[in-house]
Structure formats: C-alpha cells, structure tokens
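Reading the structure
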Amino acid sequence: MKLNTLALATSLALASASLATPASAATEADVETTFFPYKNGFPSIPALPAGPVINNETPEPPKEVIPTGVSKFLKDGLFELKVGPTANIDIMKPYVDATRKNLNKAKLGAKNGDIEGYVAGRPFPEEPDLKDPRAGEKLAWNYKYGVNWGDNASINPFFWKYRNMTTGQIERTIKFEFHFLNFKHRVKDAPVPEVTPNPANLFRGIYVKVNEPQDLKNTQLLIQRFEDDQRLDDAYLYLGFQRRVRRLATGQTTDSFLGSDLMIEDFEGYNGRISDMLWTYKGTKTVLLPFWDHNEQKLANDMPPEPDGYKYIGFSGQGNCFPDVTWQLRKVYVLEATPVNPNHPVSKRVFYMDTQLQTLGGANEIYDRKGELWKVFILGKSRPDQHLAMNKGSGIGIDDGFSMVDVQAKHCTTGQFKGQVDASQNPPGLFQVQNLRGGD
C-alpha cells in the first residue's frame, strides 16, 4: 500500500508540475547545441592541461571536475587518473536529422514514464532548466531513445573478470556475447523505422550468452523492453546445466548477476524503465569522464589478441580494478535517480550524463539504502573512428571497458569489450524466447 500511495502522490505532483510549467519549444539552435557542444571550443581548466596524472599526491586537485566516487578513489591512492584531450564524437547523421524532423513532437504525459508523440531522434534536445521539475525525466527519455549502440550492435567477445581488490586475485573470468536490437524508432539500418512483425510492441531487446567457462556455458539472458514504459520488462534466463527457460521475477534484476558486482539493472549504466525512478536534474558541469581513443591507449598485454589483431584495453591501480586509459573534460548533466519502490536495494543513483551522447555511462555512483556510497560504475567509451574498422563512421560512442567497484566489499568486476556495430550479427529472431530453447 505504501508503494501505491507513493506512486499516486508522485503522479499527482508531476501532473500539477506539467500544468504549472509551460514547456518552451525547442529550436534549431538547441539541436546545434545538443549535438555539437564543442563547436566553439573544448572545455579547459588552466590547472588541468591534457597529459598530467592526478593522484593522491596532486596538490589541490580540481575536485569540481572529478566525480565524487572517483575523487574518493584518488584520495585513497587506489589509482591514478590520466588526463587526455577532449575530442568531439560525431553522432550518426540520420539520428541528428530525425531530431530536426521531429522537433517538438514528443511531450511528457501526466505520469512519470509516459511520453506522447515521439517518432525518432532525440526527444528533448533543449538545454535542461533547473526550474523545470521534469527536466530530469526528459533527460532520462533522451537516454532511452538515444544512440546508445545504435539500431543494433553486439559485443563479442565480452570478458568479465571478478577481482579481489585487496589481493588483485582474479577469482573468475566469464566470456560472454551481448547483442542489442531496437525494434522501433530505427533511423539507419534496415528495416527503418521498425522491425515487423512486432505483435508485442517491443521497443528493444538485449540478448546475452555465456560461452565460457564450462560450468556456465550456454547460460542465456533475454530482456524484452516494451514501447509502453509502464509495462514491466519481460526477462528470461536459460540455464544450460538445467536445460530450461525460466522467467525472471521483477526483483531479480536487482540481484547480483552470475555472482558479479553488477545487477541486470546496471547494464549500460542504467537498464530499467523510466517509470522505475524519479529523475532529478541537478545542474550542468564540466567533469572528467572516461572517454578515449582506443587505438591510442596502452592496451592489455595479459590477454592474447583476437584473430583479427584486436587488443583490449588494460587495467591498473589497486587490484587492477581501474581501466588504464585517459579521461577527458566533458560537458555533463548531473542527473539523480531515486527508486519509486522503497524496497529497492539502492537509495539513489547519480549519473554524469555526457551532453553530446546523452548516455548514462561515465562514472556513476550507486548508494545503498542507508545513503552511503556502495558502488562506482566506470563505463568508458572510445571514438568509433579510433576503434575497429567496421565501427568507423558509425556515429556511435563505442563502449570499450568498464569496472564496477564495490567500495564497501573492496571487490570489483571489470569488463573488456570488442564492440561491433554490425546489423548482420543481430537478427530479430535472436531476441525471441524460442531462441533460448534452441540455443544448445
């Protein structure tokens, strides 16, 4: 009853706010600003040129440009942060064109998680306003309908390593493949604008398969996200050793996934519904984020290259829990998400949303029920033109490495990506329950 009362009160408040705050129409200037934030120059701080290393010995490090969780790591001497030059990431032209074509068509509905009139592109390209009580929700929709991995892509292989942060011991390595497909609001890859038939009115699918080790081999996860954000996702798990598919209960998306430091809800920065959270825009800042050019990094020497010569990013710092990469000064929106469900294991999530990509990676902070810092999710991106040849010109920031650091348990899970923007690897049939049963 408590949850229903909270949801009702929230809906009434949002409805009142929508009536009390007239929305100003987005303009062509807003489109230019949202996709080309650095056209008049890159952010800079005199005390922070590209090239230096920030660590616990740095005199008066510029705290205002370092995310809170990362600042704690630096203060505790857990790793060194290398600063690289800020670079522009050109977003795919069809997505920018769709934003212009559909300018001001998208409107928020009366309830959190309701949207009307959305077609394609960035639904709310205007700069957020602190006076707008629903500015955070608009940014959340920009993420949901953002480029992310584009219309379809895969990460294959995708290595997760479970690490003891104190000893550096690798406790387990899992070799995955991840696949992503947008069923609707497609702008680039055929079929445009949507995959048909789509009788369930799905918006997006995520398919995961374990290829190693043997005891988890052929474990598969399927997430089907509906166009209607008020509808709960369908999620299915196939356990290879049991040879059966089971539907996941809602609460299981906030459990540890296969013993790692991640929940299913953590995938891609945030992998839940808009309506599951209350979203608050906290302001715009210049912040260091883990963005880099893959081909310019010190790549891993403890993993053999792929057959095509591709090498993964490496890790360093305490327990080898931190991506050994450069960070960039980026213009960000600080966004806070508070769960609607009071029984959620998280009290809030803090995101540093890159304004150009408007994804929710970066250096997110996750707080436990008591309001204490629990985990920090460092999810970094490479420019596509400095990555695999197939990704060149894709207009997508390529997820290239992550670390989920459990501050309290002194443990981490790291991820090394081979992200591929390739529609042929993600046929719609891959995202159906029947595929799980035939996966052996």
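This text gives an overview of the structure that appears in the document. Just so we're clear, the structure is a prediction, and the values are computed from it rather than from any experiment.

So, the nonpolar core
- Formed by 84 residues in total, the largest nonpolar core has its most connected members in Trp160 and Leu288.
- One finds Phe124, Leu139, Trp141 and Leu360 within the second-largest nonpolar core, a separate group that totals 22 residues.

What to know about the environment of Pro323
- Looking at the element boundaries, Pro323 is found in strand S14 (residues 322-323).
- Owing to a relative accessible area of 5%, Pro323 belongs among the buried residues under this scheme.
- In sequence terms Pro323 and Phe159 are 164 residues apart; their C-alpha atoms lie 14 Å from each other.
- Non-local contacts of Pro323, meaning those with residues more than four positions away in its chain, are made with Ile313, Gly314, Phe315, Ile378 and Ser403.

Section: the pairing of strand S19 (residues 398-406)
- Of all nine residues that make up S19, nine are buried, and the element is covered over most of its length.
- As paired elements, strand S18 (residues 373-382) and S19 share eight bridges and run antiparallel to each other. Residue pairing in the sheet places Ile378 in a bridge with Ser403 of S19.
- Note: S19 against strand S20 (residues 411-420), six bridges, orientation antiparallel. Along S20, the bridge assignment pairs Gly401 with Gln416.
- The hairpin turn running from S19 into S20, its antiparallel successor, is four residues long, and Lys410 in that turn takes a positive phi close to 55°.

So, the packing of aromatic side chains
- Scanning all chains against the criterion turns up 33 aromatic pairs.
- Taking the centre distance of 4.0 Å and the plane angle of 5° together, the rings of Tyr118 and Tyr145 count as stacked. Of the two residues, Tyr118 sits in the loop between strand S4 (115-116) and helix H5 (135-144) while Tyr145 sits in the loop between H5 and strand S5 (152-164), which places them 27 residues apart along the sequence. The residues Tyr118 and Tyr145 share a single accessibility class, namely buried.
- Judged by centre distance (5.5 Å) and plane angle (75°), the ring pair of Phe377 and Phe402 falls under edge-to-face. A residue pair is termed long-range when its members are at least 10 positions apart, and Phe377 in strand S18 and Phe402 in strand S19 qualify at 25 residues.
- With relative accessibility at 3%, the residue Phe377 sits in the buried group.
- Each member of the aromatic cluster is reached from another via a ring pair, and the members are Trp149, Phe158, Trp160, Phe176, Phe178, Phe180, Phe257, Phe267, Phe377, Phe402 and Phe417.
- In this arrangement the basic side chain of Lys348 is found over the ring face of Tyr367, its NZ or CZ atom lying 4.9 Å from the centre.
- Its end group placed over the ring of Trp374, Lys375 keeps NZ or CZ at 4.3 Å from the ring centre.

What counts, and at which threshold
Residues numbered from 1 in each chain as written. Predicted model: local features only at pLDDT ≥ 70, side-chain atom pairs only at ≥ 80, totals over all residues. Heavy atoms only, no water. Core = buried A, V, L, I, M, F, W, Y, C linked by side-chain atoms within 4.5 Å. Buried < 20%, exposed > 50% of the residue type's maximum accessible area, 1.4 Å probe, protein only. Helix = DSSP H or I, 4+ residues; strand = E, 2+ residues; numbered from the N terminus. Contact = heavy atoms within 4.5 Å. Pairing = 2+ DSSP bridges. Phe/Tyr/Trp six-rings, centres within 6.5 Å; stacked < 30°, edge-to-face > 60°. Lys NZ or Arg CZ within 6 Å of the ring centre and 35° of its normal.

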